[in-house]
Each structure stands twice: as structure tokens, then as C-alpha cells.
Amino acid sequence: MSPSDVERADLRDTLARLILRHDLTLTSAEVTDQGGVEHARGLRLWRALGFPETGDALAYGEPDVKALAAVAVALDGQMLDESTVLRMTRGLGATMARLADWQVSALVDQIEHDVESGKSPTRLEAAAELARSAAPGFEHLMVYAWRRHLAAAAARVEALGAADAELLSTTMTVGFADLSRFTSLSNGLDDSSLGALVENFETRCADIITAHGGRVIKTLGDAVLFVTEDPRQGTRTALDLVKQIASRTELPNICVGLATGSVINRLGDVYGPPVNLAARLSHVARSNRVLVDAATAEALGDEFDTRVLPPRPLRGFGNLSPITVSDRRGFRAR
């Protein structure tokens, strides 16, 4: 390798050590042995976290031993069975992988600015400095946010009652907000502009949904899936999404579908006919229009105006008549 390649490799190693806070001195066989977990079980946990098997490479350190030892205590003490541990591990791995990608993407602009301004000579050194200065505080914030969300999730399960809590199922209103003509729009944007547009859309949707007491389940690039406790709350949220996104000249129009019914909460996601129906309704809605199903419309009362549209085929549901909804007191979807 050239001197510059060696320097870059050293900086990458430094960055890894700063983030992991330990040296990698153990193989997979050594870490499972020291952690008191069968090797095959340890590999299953590692894969569940979303990482490939490492063979004889030195890929682990003391924190990995402690993590496996904690799992061994939970399993040996029968606090948790192995299937529960694996399910929780998969959820943790998927969530943290997405969070890590999100963090790195968000920090790219900061790193570029630091290099261009002369604050740091290279991108890797700028990243290393951020790892030294910002990572500890963000780690504290991450644990804090997890505890707050865990408490909120536990409260939601308790509110279900014993019967529904077994399946984590409940009746709620599901919303699907979709950018109009996103495919044709994205073809005309460079990568940087497309990324900025999607992030702007997701951020504004999340702010609006949360402000109305709803919960974002996930984002899918050009769409946001969210849930609310009841149809009125969901409809207010949907109309506000249309109103606020439509007022932003830098964002395309959106279409929103709402459906109400029994939904199963599983591994941080939601499943059931209302989820699929909300997505179908958003796909057939005109720009800046909110379409709802009959169950949602029946629960709205006289706060909103509704109009039944001609029936049309919705994949998986046959011919259904969507219902357009608008707010009598203010904004009317175009």
C-alpha cells in the first residue's frame, strides 16, 4: 500500500476504536467461550444483530464478552427464552443499523463543511473528531430516548387489556401519506437533491404527526406510515399533512389514505387489513386529497364533510367506494 493508503487505514482503525471504545483482539470462538454461550448460539445472536460471521478474524473485544455473558445469564436463569431473545435481538439490530446509517448520512454535511473550512484536513479526521466529541453525548441521548419510548410502549400495551395484549392487537386508524408523482420527479434530481427532498418530507411529516398525538411507524422513501388512536385524530392529522406539505413550494403534493380497524403490533411494525387498505387508498387518491374507508367516515361525525366516490378496484379488496374528506372549518383538499 502507498503511504496515503496506510494513513487512511490507520485513521479507519482509529475511528473504529473511538466508536467501539475497545480493541478487537478475540475471534468468534474465543468471545463465545469467554461469554459462556455455546458457539452456535453466539453466531445466531450475531447474525440476528445483522452482522456476517467473521470466522477466525479478530472481530471482538471485551464489551462483546460482557454482552454475551448478559445473554447467558438471561437464558440460564430462564428470564427469557431463546426465541424471545432472538426476536428482541433482530429488532435491536435492524433499528440500530437504520439509526447508524441515518446518523452517518446526517453527519456527512458537517464533515464536508469541516474539511472545506479547513477545520479538519481530511474527511476521516473530521469523522474521528466527531466520534471523540459528539458520540458520548449522543449515546446518552439515545439511551434516554429508548427509555422514554419503552415507557410509552409499555403504557400502550397495558391500555389494551389482557385479551388483546397477547397479540398486541388493537383498533386504530392507520394513515399512509405518499408523495405524488415521486418516480418521475426523482428521475430529474441528482442524488444530493433527492436525498434532501426525502429527508425534508420525512421530517415535516413526523413533526405534524407527532404534534397531533400520532405515531410514525416507518418511512418508505416517498411514503410515511403512521397510526393514531381514533378516526377523528387520524383525519385531523391527514388534513394537516396535506395543508402543510402543499404550502411548501420545495415539496411535491401528497396523497393520504386512512383506514380504521384491528391492527397487530409486532416488532415495531403494524399489520392487518387497515394497513393495506390505507396504502391502496393513498395510491388512488388525487394530489392533496385525503381518502378514507367507510369505517373511518362513519366515526367522523359533523366535524368533517365527506363524499362517496364511484367504486374502483383496489388490489386485495375488490371494488370499493373511497370517501373523500375535508374540514368544514378550514382547509379543503383540492
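Bear in mind the structure is a predicted one, so any value in this text is a computation, not a measurement.

*Asks:* Teacher, can you tell me more about unusual backbone geometry here?
*Replies:* With the exception of glycine, most residues fall at negative phi, and the peptide bonds are largely trans. The backbone phi angle of Arg21 is positive, close to 65°, even though this residue is not glycine. Positionally, Arg21 belongs in the loop between α1 (3-20) and α2 (28-35). Overall, Arg21 belongs to the exposed group, its relative accessible area being 51%. Although it is not a glycine, Asn288 sits at a positive phi angle of roughly 60°. Inspection of the secondary structure assignment puts Asn288 in the loop between α12 (273-284) and β6 (289-292).

*Asks:* What is the right way to look at the side chain of Asp114 in this model?
*Replies:* Tracing the chain through its elements places Asp114 in helix α5 (residues 82-116). For the buried Asp114, no salt bridge exists, and the shortest N-O distance to an oppositely charged side chain is 4.2 Å, to Lys119. In contact with Asp114, other than residues within four places in its own chain, are Lys119, Ser120 and Ala126.

*Asks:* Before we go on, may I ask you to explain the packing of aromatic side chains in this structure?
*Replies:* Remark: the centre distance and the inter-plane angle together describe each pair of aromatic rings, the angle taken between the planes. Summed over the entire model, instances satisfying the criterion amount to two aromatic pairs. Site record: aromatic cluster; members linked through ring pairs are Trp46, Phe51 and Tyr60.

*Asks:* Please clarify how the pattern of salt bridges should be interpreted in this entry.
*Replies:* A side chain of one charge can pair with a side chain of the opposite charge when the charged atoms of the two come close. Taken as a whole, this structure holds eight salt bridges when the rule is applied. Among the ionic pairs, Glu82 bridges to Arg44, the shortest N-O distance being 2.7 Å. Here Arg44 lies in helix α3 (residues 39-48) and Glu82 lies in helix α5, a separation of 38 residues in the sequence. Exposure remark for Glu82: the relative accessible area of 24% places this residue in the partly exposed category.

*Asks:* Would you mind showing me how to read the state of the cysteines here?
*Replies:* Across all of its chains, the model carries zero disulfides by this definition. Here Cys205 is not cross-linked by a disulfide; its sulfur's nearest cysteine counterpart is in Cys255, at 12 Å. The exposure class assigned to Cys205 is buried, which follows from its relative accessible area of 0%.

*Asks:* It is not clear to me how α3 should be interpreted in this structure. Could you clarify?
*Replies:* Residues that lie three or four places apart on an α-helix share one face, since the helix turns once every 3.6 residues. Looking at α3, one finds that the buried residues are Gly42, Leu43, Leu45, Trp46 and Ala48. Buried residues belonging to α3 abut α2, α4 (62-76) and α5. In the stretch just after α3, Gly50 is the one whose phi turns positive, near 100°.

*Asks:* Explain the nonpolar core here, please?
*Replies:* Generally speaking, a soluble globular protein has its nonpolar side chains buried in company with each other. Counting 27 residues, the largest nonpolar core has Phe201, Cys205, Leu241, Ile254, Val256, Val290 and Val292 as its most contacted members. In contact with Val292, not counting residues within four places along its chain, are Leu258, Leu281, Ala297, Pro322, Ile323 and Val325. In this structure, Val174, Ala223, Leu277 and Leu281 belong to the second largest nonpolar core, which totals 20 residues.

*Asks:* When you look at the pairing of β6 in this model, what are you seeing that I'm missing?
*Replies:* Along a regular strand, successive side chains alternate from one face of the sheet to the other. Every second residue of β6 is oriented toward a common face, with Arg289 and Leu291 on one face and Val290 and Val292 on the other, all of them buried. As judged from the four bridges shared by strand β4 (residues 254-266) and β6, these two strands associate in the parallel manner. Within the sheet, the bridge partner assigned to Cys255 lies in β6 and is Arg289. As paired elements, β6 and strand β10 (residues 323-327) share two bridges and run antiparallel to each other. The partner of Val292 across the bridge, within β10, is Ile323.

*Asks:* Is there a simple way to think about the pairing of β10 in this case?
*Replies:* The buried fraction of β10 amounts to five of the five residues, a majority that puts the element mostly inside the structure. Because side chains alternate across β10, one face comprises the buried residues Ile323, Val325 and Asp327, and the other comprises Thr324 and Ser326, equally buried. Bridging between strand β7 (residues 304-308) and β10 involves five bridges; their strand directions are antiparallel. Of the residues in β10, the one forming a bridge with Phe304 is Asp327.

*Asks:* Help me out: how do you make sense of the environment of Glu53 in this one?
*Replies:* When you line up the elements, Glu53 lands in the loop between α3 and α4. On the basis of relative accessibility, which here comes to 46%, the residue Glu53 falls in the partly exposed class. Aside from chain neighbours lying at most four places away, what touches Glu53 is Leu43, Trp46 and Arg47. Among the polar contacts made by the side chain of Glu53, one reaches the side chain of Arg47 at a distance of 2.4 Å.

*Asks:* What is the right way to look at the packing of α2 against α4 in this model?
*Replies:* Helix-helix packing: each pair is described by the crossing angle between the helix axes and the interaxial distance. Contact geometry of α2 with α4 gives a least axis separation of 8 Å together with a crossing angle of 50°. On the basis of the axis angle, α2 is oblique to α4. As α2 runs across α4, the sense of the crossing is right-handed. Contacts from Val31, Thr32, Gln34 and Gly35 in α2 reach Asp64, Val65, Leu68, Ala69 and Ala72 in α4. Each residue belonging to the contact of α2 with α4 can be placed in one class, and the counts come to five nonpolar, three polar and one charged.

Each value, and the rule that gives it
- Residues numbered from 1 in each chain as written.
- Predicted model: local features only at pLDDT ≥ 70, side-chain atom pairs only at ≥ 80, totals over all residues.
- Heavy atoms only, no water.
- Helix = DSSP H or I, 4+ residues; strand = E, 2+ residues; numbered from the N terminus.
- Buried < 20%, exposed > 50% of the residue type's maximum accessible area, 1.4 Å probe, protein only.
- Lys, Arg positive; Asp, Glu negative; His and termini not counted.
- Salt bridge = Lys/Arg side-chain N within 4 Å of Asp/Glu carboxyl O.
- Contact = heavy atoms within 4.5 Å.
- Phe/Tyr/Trp six-rings, centres within 6.5 Å; stacked < 30°, edge-to-face > 60°.
- Disulfide = S-S within 2.5 Å.
- Core = buried A, V, L, I, M, F, W, Y, C linked by side-chain atoms within 4.5 Å.
- Pairing = 2+ DSSP bridges.
- Polar contact = N/O pair within 3.5 Å; in protein donor to acceptor, adjacent residues only side chain to side chain.
- Axes fitted to C-alpha atoms, helices over the stretch in contact; angles between N-to-C directions.
- Parallel < 35°, antiparallel > 145°, perpendicular 65-115°, else oblique.
- Left-handed = near helix turned anticlockwise from the far one by under 90°.
- Nonpolar A, V, L, I, M, F, W, Y, C, P; charged D, E, K, R; others polar.

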